[in-house]
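# Observations on chain architecture
Read off the chains here:
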Amino acid sequence: MQHPYARLPDRSFWRTAVAERPPADIQDLWTPKFPIGQDAPVITAGSCFARHIGPALLREGMHWYDAEPPPPGLTEEARQARGYRRFSFRTGNIYTAAGLRQWFAWALGRQTPPAEVWRDADGRFHDPYRPTVEPDGFSSPEEALASRQVTLDAVRRALATADVLVFTLGLTEAWHDTADGTVLPMCPGTVRGTFDPDRHRLRNHTVAEVHRDLTAALALAREAGPRLRTVLTVSPVPLTATATGAHALVATTHSKSVLRAAAGQLAAELEHVDYFPSYEIVTGFPYRAAFYEPNLRTVSADGVAFVMRHFLDGLHGRSHRPEHTPDPTPTPDAGGEDTWCDDAVLDYYSRDHGPGHAPGPGHTPGPVPAPR
């Protein structure tokens, strides 16, 4: 009797799919579950790695939908600093599934966001849930909340318009505000705000919790846009720091494994959810860390291009033929921290305060209290 393995394609065997191929020529890593048309509106959100997807789609002539474009008159530098055109709405980085669920619930009126804002030493006001989108802050609490409402309107409009959401999961560790039951994008006291050990609690989300929050978030999204399909990815960018007390390498492996398991489970359960292996493409050991800069955290331009070629080749059914093999030896002047990652500021609190270890805009550094 013929067994199932006799009928499997070459890509299902390690020898023919990986061991006998040059790393840059490994193919068929992704077979899309559903097509994404050239004109289909695609929205993007998630961790800092997600910012690369929109520009790549635009270069391919596809329709990346920006629901919150910058106002006229801003310079490119000002647009970048204020968080425009990173994602399809100006939420800043959304690292966790819990954060995505919260933004969707607020945008669709299922929950009411807190009215609290943070005031800095200069008397300027900041949104606790978007602490980096306005580096100079707002002139009043009302202005800060009005700006957040513009973003919430953009999220709702994006969900109602889009055919596809691409969401990149980044972290399992999150700081929760026990006073109002919300999840914060950053630990208070790092970029903005003041840390209160009686109020702000660390939670390291489990596979079950990530799966639950993703399921709820995507259900909300499809209420707004019933045709919406989702492509989940996991960021290959390691944790800048862990507040669990574990070694950063161990904590990173744990976090990414949890996210990968939850994303894979959801993609297996739901026809309208797919998983794209950006994490595996960058971190897989056949590539020998060739796609990282010398800090072993920032993904190089070659790495980003390699990931996006796999994504676009998969969408269009093309055989992957890389333009060149990435050089596994980093260039001497490469390796600055990815300034698009809000959590990059955490590196300031390491023992080394050398170049590139600067706090966020307008932030006066101070000691980070130990998590309780």
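Refer to the structure presented above.
Position labels on residues start from 1 in each chain and follow its written sequence. For a predicted model such as this one, the threshold for reporting local features is a pLDDT of at least 70, and the threshold for listing and counting side-chain atom pairs is 80 or more; totals across whole chains, interfaces and linings nevertheless cover every residue. Computation of side-chain values: all heavy atoms of the structure, hydrogens and water removed.

### What to know about the overall build of the protein chain
Spelled out, the test is: Labels follow the DSSP assignment, with helices taken as runs of H or I lasting at least four residues and strands as runs of E lasting at least two, numbered in each case from the N terminus. Only protein chains enter the accessibility calculation, which uses a 1.4 Å probe. A residue is then buried if its area is under 20% of the maximum for its type, exposed if over 50%, and partly exposed in between.
Scanning the protein chain from N- to C-terminus turns up nine helices and nine strands. When the 372 residues of the protein chain are sorted by exposure, 52% land in the buried category.

### Structural notes on the side chain of Arg90
Keep this limit in mind: Working rule for contacts: check all heavy atoms of both residues, and any pair within 4.5 Å makes them a contact.
Within the secondary structure layout, Arg90 lies in the loop between helix H3 (76–81) and helix H4 (97–107). Residues contacting Arg90, with those up to four places away along its chain left out, are Glu68, Arg82, Gly83, Tyr84, Arg130, Val133, Glu134, Ser147 and Thr151.

### As for the packing of aromatic side chains
The cut-off we apply is this: The criterion for an aromatic pair is that two Phe, Tyr or Trp rings (for Trp, the six-membered ring) have centres within 6.5 Å, with stacked assigned to planes under 30 degrees apart, edge-to-face to planes over 60 apart and tilted to the rest.
Under the counting rule described, the total for this entry stands at 10 aromatic pairs. Measuring from ring centre to ring centre gives 5.7 Å for Trp14 and Phe285, while their planes differ by 35°; the resulting arrangement is tilted. Taken together, the positions of Trp14 in helix H1 (residues 14–19) and Phe285 in the loop between helix H8 (278–283) and helix H9 (301–316) put the pair 271 residues apart, joining distant regions of the chain. For the pair Phe276 and Phe311, a centre-to-centre distance of 5.0 Å together with 85° between the ring planes defines the contact as edge-to-face.

### Digging into the sheet that holds strand S9 (residues 273–275)
In plain terms, the rule: By this definition, two strands are paired if DSSP reports at least two bridges between them. Only C-alpha atoms enter the line fits that serve as axes; for helices the fit covers just the stretch in contact. Angles between N-to-C directions range over 0 to 180 degrees.
Spatial ordering of the open sheet is given by S1-S4-S8-S9, a layout of four strands whose pairing is parallel. Two strands in the sheet have a free side with no partner beyond their single neighbour: strand S1 (42–46) and S9. The average undirected angle you get between the axes of adjacent strands in this sheet is 20°. Across six bridges, strand S4 (residues 164–169) lies against strand S8 (residues 229–234) in parallel orientation. Opposite Leu169, over in S8, you have Val234 as the bridge partner.

### Some details on helix H5 (residues 141–161)
Let me state the cut-off plainly: A helix is expected to reach a length of 1.5 Å times the quantity of its residues less one. The reported arc concerns the directions from the helix axis to the C-beta atoms and nothing else.
Compared with an ideal rise of 1.5 Å per residue, which puts 21 residues at 30 Å, H5 spans 30 Å between its outermost C-alpha atoms and is within 8% of the ideal. Within the span of H5, buried status applies to Ala144, Ser147, Arg148, Thr151, Leu152, Ala154, Val155, Ala158 and Leu159. One side of H5 holds all its buried residues, which, seen down the axis, span an arc of 155°. Where H5 is buried, its residues touch S1, H4 and helix H6 (207–224).

### Observations regarding the side chain of His176
Where we set the bar: Whenever a nitrogen or oxygen atom comes within 3.5 Å of another N or O atom, the pair is scored as a polar contact, on the condition that within protein one atom can donate a hydrogen and the other can accept it, and that pairs from neighbouring residues in sequence are kept only if both atoms are in side chains.
Along the chain, His176 falls in strand S5 (residues 173–177). Separated by 2.9 Å, the side chains of His176 and His205 make a polar contact. Residue contacts for His176: discarding those within four places in its chain leaves Thr182, Val183, Arg199, His200, Arg201, Arg203 and His205.

### Looking at the nonpolar core
Note on soluble globular proteins: their nonpolar side chains tend to be buried together. Rules: Only buried residues count toward a nonpolar core, which is a set of Ala, Val, Leu, Ile, Met, Phe, Trp, Tyr and Cys residues joined through side-chain atoms within 4.5 Å.
With 44 residues, the main nonpolar core has Ile43, Phe104, Leu159, Phe167, Leu169 and Leu214 as its most contacted residues. Broken down by secondary-structure element, the contributors of at least two residues to this core are S1, H4, H5, S4, H6, S8, helix H7 (248–269) and S9. Sorting elements by how many residues they give to this core places H4 first, with seven residues. Formed by 33 residues, the second largest nonpolar core is a distinct cluster that contains Ala24, Val166, Ile281 and Phe311.

### Focus: unusual backbone geometry
A positive phi is found at Arg85, a non-glycine position, where the angle reads about 65°. Considering the arrangement of structural elements, one finds Arg85 in the loop between H3 and H4.

### Things to note about the environment of Val117
Summarising the element assignment, Val117 is placed in the loop between H4 and strand S2 (118–119). For the pair Val117 and Leu145, spaced 28 residues apart in the sequence, the C-alpha separation amounts to 7.9 Å. Look past the residues within four positions of Val117 in its chain and what remains in contact with it is Phe125, His126, Pro128, Pro141, Ala144 and Leu145.

### Describing the packing of H4 against H6
For clarity, the threshold we go by: Should an angle fall under 35 degrees it is called roughly parallel, over 145 degrees roughly antiparallel, and 65 to 115 degrees roughly perpendicular, with every other angle called oblique. Less than a right angle of anticlockwise turn of the near helix away from the far helix marks a crossing as left-handed, whereas a clockwise turn marks it as right-handed.
Their axes nearest at 8 Å, the elements H4 and H6 cross at an angle of 25°. Judged on the interaxial angle alone, H6 and H4 are roughly parallel. The handedness of the crossing between H4 and H6 is left-handed. Touching Ala97, Ala98, Leu100, Arg101, Phe104 and Ala105 of H4 are Val210, Arg212, Asp213, Leu214, Ala216, Ala217, Leu220 and Ala221, all from H6.

### Topic: the environment of Asp274
Here Asp274 is to be found in strand S9. In the structure, Asp274 is positioned 242 residues away from Pro32 in sequence and 7.2 Å away in space, judged by C-alpha atoms. Filtering out sequence-adjacent residues up to four positions away, Asp274 remains in contact with Trp30, Thr31, Pro32, Lys33, Phe34, Thr230, Val231, Leu232 and Ala267. One polar contact links Asp274 to Trp30, side chain to side chain, over a distance of 3.2 Å.

### Here we look at the pattern of salt bridges
When charged atoms on two side chains of opposite charge get close, those side chains can pair. Quick reminder of the rule: By definition here, a salt bridge exists when the distance from a side-chain nitrogen of Lys or Arg to a carboxyl oxygen of Asp or Glu is within 4 Å.
One pass over the structure, following the stated rule, counts 18 salt bridges. Between Arg85 and Asp66 there is a salt bridge, and its shortest N-O distance comes to 2.8 Å. You can see Arg85 sitting in the loop between H3 and H4 and its partner Asp66 sitting in the loop between helix H2 (53–59) and H3, a full 19 residues away along the chain. Overall, the relative accessible area of 39% leaves Arg85 in the partly exposed class. Judged by its relative accessible area of 13%, Asp66 is buried. Note that Arg101 is salt-bridged to Asp213, the shortest N-O span being 2.9 Å. One end of the pair, Arg101, is in helix H4; the other, Asp213, is in helix H6, and 112 residues separate them in sequence. Owing to a relative accessible area of 30%, Arg101 belongs among the partly exposed residues under this scheme.

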